[in-house]
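Structural overview for review
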Protein chains: 2
Amino acid sequence: MKKNIAIIGYGGMGWWHGDYLKKSDVCNLLGVWDINPDRLVIARNEGINTYSSLEELLGDDRLDIVTVATPNDIHKELIIKVLESGKNAISEKPVTLCSEDLQEMFDASNRTGKLFTVHQNRRWDCDFLAMKQVYESGVLGEVFNIESRVHGSRGIPGDWRGMKQYGGGMMLDWGVHIIDQMLLMVPSKIKKVYCQFDHVTNYEVDDGFRLTLNFENGVRAYLEVGTSNFINLPRWYMQGENGTAVINDFSCEGKIVCVENWDEKDVVPVRTAAGLTKTMAPRKDDTIKTHEIPQITSDVHDFYRNVAKAVDGIESQLITHPQLMRVMKLMEACAKSDETGMPVDFE
Amino acid sequence: MKKNIAIIGYGGMGWWHGDYLKKSDVCNLLGVWDINPDRLVIARNEGINTYSSLEELLGDDRLDIVTVATPNDIHKELIIKVLESGKNAISEKPVTLCSEDLQEMFDASNRTGKLFTVHQNRRWDCDFLAMKQVYESGVLGEVFNIESRVHGSRGIPGDWRGMKQYGGGMMLDWGVHIIDQMLLMVPSKIKKVYCQFDHVTNYEVDDGFRLTLNFENGVRAYLEVGTSNFINLPRWYMQGENGTAVINDFSCEGKIVCVENWDEKDVVPVRTAAGLTKTMAPRKDDTIKTHEIPQITSDVHDFYRNVAKAVDGIESQLITHPQLMRVMKLMEACAKSDETGMPVDFE
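Residues numbered from 1 in each chain as written. Chains lettered and ligands numbered in written order. Predicted model: local features only at pLDDT ≥ 70, side-chain atom pairs only at ≥ 80, totals over all residues. Heavy atoms only, no water.

1. Things to note about the interface of chain A and chain B
Rules: We call two residues in contact whenever any of their non-hydrogen atoms come within 4.5 Å of each other. Accessible-area loss on putting two parts together, using a 1.4 Å probe and summing over both, is the definition of buried area adopted here. Think of a salt bridge as a Lys or Arg side-chain nitrogen and an Asp or Glu carboxyl oxygen that are within 4 Å of each other. Polar contacts, as counted here, are pairs of nitrogen or oxygen atoms within 3.5 Å of one another; within protein the pair requires one atom able to donate a hydrogen and one able to accept it, and residues that are adjacent in sequence qualify only if both atoms are side-chain atoms. Numbering of helices and strands runs from the N terminus, with a helix taken as a DSSP run of H or I at least four residues long and a strand as a DSSP run of E at least two residues long. Each residue gets one label: Ala, Val, Leu, Ile, Met, Phe, Trp, Tyr, Cys and Pro are nonpolar, Asp, Glu, Lys and Arg are charged, and the others, such as Gly, are polar.
Opposite the 76 residues of chain A that make contact, chain B presents 74 residues. Of the roughly 5,800 Å² buried at the junction of chain A and chain B (both faces included), carbon and sulfur atoms supply 56%. Of all residues in chain A, A:R154, A:F230 and A:M280 give up the largest surface area on contact with chain B, accounting jointly for 15% of the area buried on that side. Linking chain A to chain B there are two salt bridges. Notably, a salt bridge pairs A:E147 with B:R210, separated by 3.6 Å at the nearest N-O pair. Linking chain A with chain B are 34 residue pairs in polar contact (both at pLDDT 80 or more). Take the side of chain A that touches chain B: its biggest share by element is six residues, from strand β6 (residues 143-151) of chain A. Its residues assigned to classes, the side of chain A that touches chain B comprises 37 nonpolar, 24 polar and 15 charged.

2. Observations regarding the packing of aromatic side chains
All names here are of chain A. Condition: Paired rings are identified among Phe, Tyr and Trp, the last through its six-membered ring, by centres lying within 6.5 Å, and are further divided according to the angle between planes into stacked (under 30 degrees), edge-to-face (over 60) and tilted (the rest). Think of it in three bands: residues with accessible area under 20% of the maximum for their type are buried, residues over 50% are exposed, and the middle band is partly exposed, with areas taken using a 1.4 Å probe on protein chains only. Both a distance and an angle decide whether a charge sits over a ring: NZ of Lys or CZ of Arg must be within 6 Å of the ring centre and within 35 degrees of the ring normal.
Within this structure, the stated rule accounts for 15 aromatic pairs over all chains. Measuring from centroid to centroid gives 4.4 Å for W16 and Y20, while their planes differ by 20 degrees, and the two rings are stacked. Residue W16 and its partner Y20 are both found in helix α1 (residues 12-22); the two are separated by four residues, about one turn of the helix. Neither W16 nor Y20 differs from the other in exposure class; each is buried. These aromatic residues form a ring-pair network of at least three members: W124, F303 and Y304. Over the ring of Y20 we find K23, and its NZ or CZ is 5.3 Å from the ring centre.

3. Considering the relation of the copies chain A and chain B
Going by this rule: Each copy is superposed on the other by least squares, with the fit set by C-alpha atoms of residues at a pLDDT of at least 70 in both.
Between chain A and chain B, which share one sequence, the superposing operator has a rotation angle of 180 degrees and an axial displacement of 0.0 Å; the RMSD is 0.0 Å. Taken together, these values place the two copies in the relation of a two-fold axis. The position closest to the rotation axis in chain A is occupied by the C-alpha of A:M342, lying 3.4 Å away. Taken as a fraction of all interface residues of chain A, those also at the interface in chain B reach 97%, which identifies the copy contact as same-surface.

4. A short note on the sheet that holds strand β9 (residues 220-226) of chain B
Residues and elements named next belong to chain B. Definition in use: We treat two strands as partners when DSSP finds at least two bridges between them. To get an axis, fit a line to the C-alpha atoms, keeping to the stretch in contact for a helix; angles then go from 0 to 180 degrees between the N-to-C directions.
Here we have nine strands laid out as an open sheet, ordered β15-β12-β11-β10-β6-β9-β8-β7-β16, and mixed in their pairing. A strand with exactly one partner marks an edge of an open sheet, and here the two such strands are β15 (288-291) and β16 (344-345). As judged from the five bridges shared by strand β10 (residues 236-240) and strand β11 (residues 243-247), these two strands associate in the antiparallel manner. Across the sheet, the residue bridging to M238 is A245, located in β11. Lying on the sheet, helix α6 (residues 126-137) is in contact with β6 (143-151), β10, β11 and β12 (254-259); it crosses β10 at an angle near 0 degrees. Along the sheet, helix α9 (residues 321-340) makes contact with β7 (190-197), β8 (208-215) and β16, crossing β7 at roughly 55 degrees.

5. Considering the sheet that holds strand β3 (residues 65-68) of chain A
Residues and elements named next belong to chain A. Strand order in the open sheet formed by five strands is β2-β1-β3-β4-β5, with parallel pairing between adjacent strands. Looking at the sheet topology across the chains shown, the edges are occupied by β2 (27-33) and β5 (116-118). Averaged over all pairs of adjacent strands, the angle between strand axes in this sheet comes to 20 degrees, irrespective of strand direction. As defined by bridge partners, strand β1 (residues 3-8) adjoins β2 across six bridges and the pair is classed as parallel. Residue pairing in the sheet places A6 in a bridge with G31 of β2. The strands touched by helix α8 (residues 302-311) are β1, β2, β3, β4 (88-91) and β5; relative to β4, the strand with the most contacts, the crossing angle is about 155 degrees.

6. What about the side chain of A:H119?
All names here are of chain A. Topologically, H119 is positioned in the loop between β5 and α6 (126-137). Look at H119 and you get buried, because its relative accessible area is 1%. At 2.7 Å, the side chain of H119 and the side chain of E92 are in polar contact. Dropping the residues within four chain positions of it, H119 is found in contact with M13, W16, H17, I90, S91, E92, K93 and F303.

7. Some words on the domain arrangement of chain A
Residue and element names in this part refer to chain A. Applicable threshold: Boundaries between domains were set according to an automatic or database domain assignment.
One can read the domain layout of chain A as domain 1 (3-119) and domain 2 (123-253 + 293-299 + 329-345). In this assembly, domain 1 packs against domain 2 so that about 860 Å² is buried in total across both faces, 57% of it on carbon and sulfur atoms. For domain 1, the biggest contributors to the area lost against domain 2 are K93, P94 and S99; these three give 44% of the whole. Where domain 1 meets domain 2, there are one salt bridge. Two residues, K93 and D173, come together in a salt bridge whose shortest N-O distance is 3.1 Å. For the pair domain 1 and domain 2, the number of links is four residue pairs in polar contact (both at pLDDT 80 or more). Classifying every residue of the side of domain 1 that touches domain 2 gives four nonpolar, three polar and three charged.

8. Describing the pairing of strand β9 (residues 220-226) of chain A
Residue and element names in this part refer to chain A. For β9, the tally of buried residues reaches seven of seven residues, placing the bulk of the element in the interior. Burial of β9 is two-sided: the residues R220, Y222, E224 and G226 facing one way and the residues A221, L223 and V225 facing the other way are all buried. Pairing between β6 and β9: seven bridges, direction parallel. Of the residues in β9, the one forming a bridge with R149 is E224. In the sheet, strand β8 (residues 208-215) pairs with β9 via seven bridges, with the strands oriented antiparallel. What sits directly across from N214, in β9, is R220.

Below, the structure is given as structure tokens:
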């Protein structure tokens with residue numbers, strides 16, 4: 001049976017949830033509430049029922065699930081209220097601003113026996129799923145380096161996302177996604193975390209970061225978010241002993257190049273203005289083979305499908321508390337590394 | 001008047017010097033010597049005179065300059081012999097394996113009053129000169145990030161370049177070039193050095209490295225050499241507050257993209273499989289302006305032209321002892337950082 005759901009917060013992401021939930025095969029959207037009356041007018045104009053207060057929403061006993069899509073600093077307070085009103089709760093990401101707050105949210109979920117999870121929607125992005133498949137397929141041989149970059153050129157949004165007290169900054173906004181993806185991709189403990197934050201357009205919060213993770217299994221991962229990049233570097237770059245894979249952008253355009261024949265004869269050196277190089281000369285075509293990037297289809301509706309089944313106890317929740325806590329603690333290690341200028345031991 | 005010159009070591013780079021010196025407008029190539037008689041046969045077949053021994057070469061009083069192009073571990077011994085025989089001396093790069101050895105070479109130069117310099121030929125590479133011009137032109141606004149990468153896919157050469165005792169490894173082979181270039185580009189002290197070496201195809205020496213330099217003027221530089229890269233990332237990537245410049249390869253193909261209008265209206269979000277993003281959406285064409293990469297011509301013969309004039313005292317030597325020592329000490333700091341896993345304070 002379909003689950004009845006409501007949304008708290010009808011800004012950018014609240015609208016996104018509403019748009020999806022109107023079409024959902026597992027949820028009935030009963031209504032939304034926002035502290036800003038203008039947003040409620042917008043919702044009603046889109047044919048969505050609105051609540052007149054938070055209390056009215058929390059008192060609606062028909063509701064199975066409530067999604068919280070407000071600024072980050074009030075997720076905790078609202079999620080705990082939702083759980084204590086006897087409903088299952090979904091938070092937008094980043095779930096909250098520190099691991100102590102996250103633990104309080106877990107405690108409320110355990111105390112009330114209600115499900116609590118987070119909308120880590122970018123687990124369904126095809127670029128990530130394609131690269132994860134490349135990693136797991138072994139086509140590159142033993143992988144030793146994975147680089148994940150997200151580049152824009154507008155600085156950070158001019159609203160609460162630029163303010164520390166509301167949980168602004170690119171580490172919390174995009175870092176939380178690309179860290180979550182990397183931890184899902186590489187099944188290994190992390191030994192060391194080294195991170196430098198950028199402050200090109202904003203001093204209060206980071207407007208980008210550069211993060212190196214050294215995993216116990218030998219993989220080195222590099223994660224970068226930039227908002228002053230007028231030319232983008234590739235979204236993904238992965239190296240194994242036998243080949244390299246690249247995905248250039250969210251549309252998954254890219255390629256895989258693997259060695260076919262190590263013993264290349266008669267290497268033609270590259271002649272630069274001031275010298276020759278054989279070491280850095282491109283390989284001849286008959287020593288390499290180019291493969292396509294796997295084309296993946298995904299459906300982000302699977303997030304709500306999983307939540308609905310998890311509420312009924314017939315499936316485990318996909319986005320788990322230990323996963324959420326690991327990402328949060330890693331973001332805290334990044335902040336510590338940036339502050340001290342030193343690598344931080346982890347796990 | 002043209003300077004008389006000889007070459008010790010007629011391998012790959014010795015051949016390169018011979019080929020250039022045959023056409024030089026400032027030097028007469030009097031001959032070469034190599035410990036391997038086969039190389040001498042090759043030289044004679046190319047019409048180049050050969051010496052029968054090192055002693056014969058060092059005893060040739062007609063010589064003004066001797067270029068040493070042997071494996072790296074014997075540069076010091078040979079350069080000191082050349083200087084003590086009353087001749088000016090040029091060493092191939094990397095000049096030697098540690099700063100103590102380099103100081104001994106400087107001491108011999110000072111003691112004998114003879115010029116000693118190093119063939120840092122990649123100061124004349126057009127990709128470097130173009131990027132240096134972009135940096136200095138101010139077209140990007142205040143520059144805060146410079147990335148310099150050199151990628152190949154053949155591992156390191158199978159000869160002495162893979163052995164520690166002969167001064168092998170990519171830090172000494174290519175690192176010495178791209179570090180020298182970066183130090184010329186950014187006129188500031190370095191505060192911090194963080195480096196990790198790669199050992200993908202070779203455990204004895206590094207077959208690549210990833211180096212972050214934090215300069216006192218706020219610039220962060222990232223230098224990377226890789227020999228297991230079957231797809232190359234751009235040779236240069238530079239970010240300023242107002243734009244980004246990229247050079248893709250040694251042939252200087254690339255572009256500069258600068259902002260024309262910060263206040264972009266009606267941003268069209270990028271829709272990925274699992275979400276929307278305005279922050280990372282590409283800018284519309286009317287808010288940016290694309291410039292060409294400056295096309296630079298350079299002539300690596302200027303290296304020998306400068307040495308000839310410096311021998312006559314009418315020009316300062318371009319590649320100076322303090323510059324050479326700074327690069328050597330920085331490479332030592334990289335090794336220390338890799339060994340300890342920690343950033344190293346510098347200068």
